[in-house]
Amino acid sequence: QPLNLPVVISNDIKGIINAVNHNIGINKFLLEGLPGSGKTEAAKHIARLLGRTLYCVDFEHLIDSKLGQTNKNIASVFAEINMINSFINPEKVIVLFDEIDVIALDRVNRNDVREMGRVTSTILREFDRLTDLNKEIVIIATTNLYSNFDKALIRRFDAVINFNRYSKEDLLEVAEYYFVSF
């Protein structure tokens, strides 16, 4: 089914699709906004419209209580992503880092445990390696906590799409769209 998004966000999604289809070197996108604003569903629709397989990385399952294990888990996931071109055509893949904010919060946050700062540094390093090795893979990340997101990681993305641009009319239209089926 079509995704019911405001025109401004739909236009940004069309921009992502056009950029990928025309292979202009833009392949890393951060979708930010409140929970329930359509970020994950938009990523699924982008994959469908591009005819690509969507692989979802759930960072919550990578967190481990043992010191250093989370970093190893993250490195392992990125190693698998870097191996995609060995068994799948990378031009047919989208990797979704859903709710990446689980582990990619600002490293200078005073309330954060230093271990999570090291985890964010690992993500930065692995993200840079990924960019060098697989330029054909599209990366989409979602976050609910953009204001707490690590600024260095934000710079790794080619575009940031804000999903907090629903007008009152947009919200009413979405509500009507979903309640009509009931």
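Draft legend 1. Structural view of the packing of aromatic side chains. Tallying each qualifying case throughout the model produces 3 aromatic pairs. Between Phe78 and Phe97, the ring centres sit 5.5 Å apart and the planes meet at 55 degrees, which makes this aromatic pair tilted. A residue pair is termed long-range when its members are at least 10 positions apart, and Phe78 in helix α3 (residues 69–82) and Phe97 in strand β3 (residues 93–98) qualify at 19 residues. For Phe97, a relative accessible area of 0% translates into the label buried. Plain terms: the ring middles of Phe127 and Phe157 are 5.2 Å apart, the flat faces sit at 55 degrees to each other, and that makes the pair tilted. On the criterion of sequence distance, the pair formed by Phe127 in helix α5 (residues 114–133) and Phe157 in the loop between α6 (151–154) and β5 (159–162) is long-range, its members being 30 residues apart. An aromatic cluster of three or more residues is present, and its members are Phe78, Phe97, Phe127 and Phe157.

Draft legend 2. Fine view of unusual backbone geometry. Although it is not a glycine, Asn23 sits at a positive phi angle of roughly 50 degrees. Within the secondary structure, Asn23 is located in the loop between α1 (7–21) and β1 (28–32). Given a relative accessible area of 67%, Asn23 falls into the exposed group. Residues other than glycine seldom take positive phi values, yet Glu99 does so here, at roughly 50 degrees. Structurally, the position occupied by Glu99 is in the loop between β3 and α5.

Draft legend 3. Main features of the side chain of Thr142. In this structure, Thr142 sits in strand β4 (residues 138–143). Overall, Thr142 belongs to the buried group, its relative accessible area being 1%. In terms of polar contacts, Thr142 uses its side chain to reach the backbone amide nitrogen of Glu99, at 2.7 Å. Apart from the residues lying within four places of it in its own chain, the contact partners of Thr142 are Leu30, Leu31, Lys39, Thr40, Leu96, Phe97, Asp98, Glu99, Ile100 and Asp101.

Calculation notes
- Counting restarts for each chain, with residues numbered from 1 along the sequence as it is written.
- Confidence filtering applies because this is a predicted model: local features only for residues at pLDDT of at least 70, side-chain atom pairs given and counted only at 80 or more, and all residues used for totals across whole chains, interfaces and linings.
- The basis for the side-chain values is all heavy atoms of the structure; hydrogens and waters are excluded.
- Here the aromatic set is Phe, Tyr and Trp, taking the six-membered ring for Trp, and pairing holds for ring centres within 6.5 Å; pairs whose planes are under 30 degrees apart are stacked, those over 60 apart are edge-to-face, and all others are tilted.
- A helix here means a DSSP run of H or I that spans at least four residues, while a strand means a run of E at least two residues long, and both kinds are numbered starting from the N terminus.
- A simple rule labels every residue: compare its accessible area, found with a 1.4 Å probe on the protein chains alone, to the largest value its type can have, and call it buried under 20%, exposed over 50%, or partly exposed in between.
- Pairs of N or O atoms within 3.5 Å make up the polar contacts considered here, provided that, within protein, one atom can donate a hydrogen while the other can accept it, and that residues adjacent in sequence are counted only when both atoms are side-chain atoms.
- By definition, residues are in contact when any of their heavy atoms lie within 4.5 Å.

Treat this as a map of the structure, not an account of what it does.
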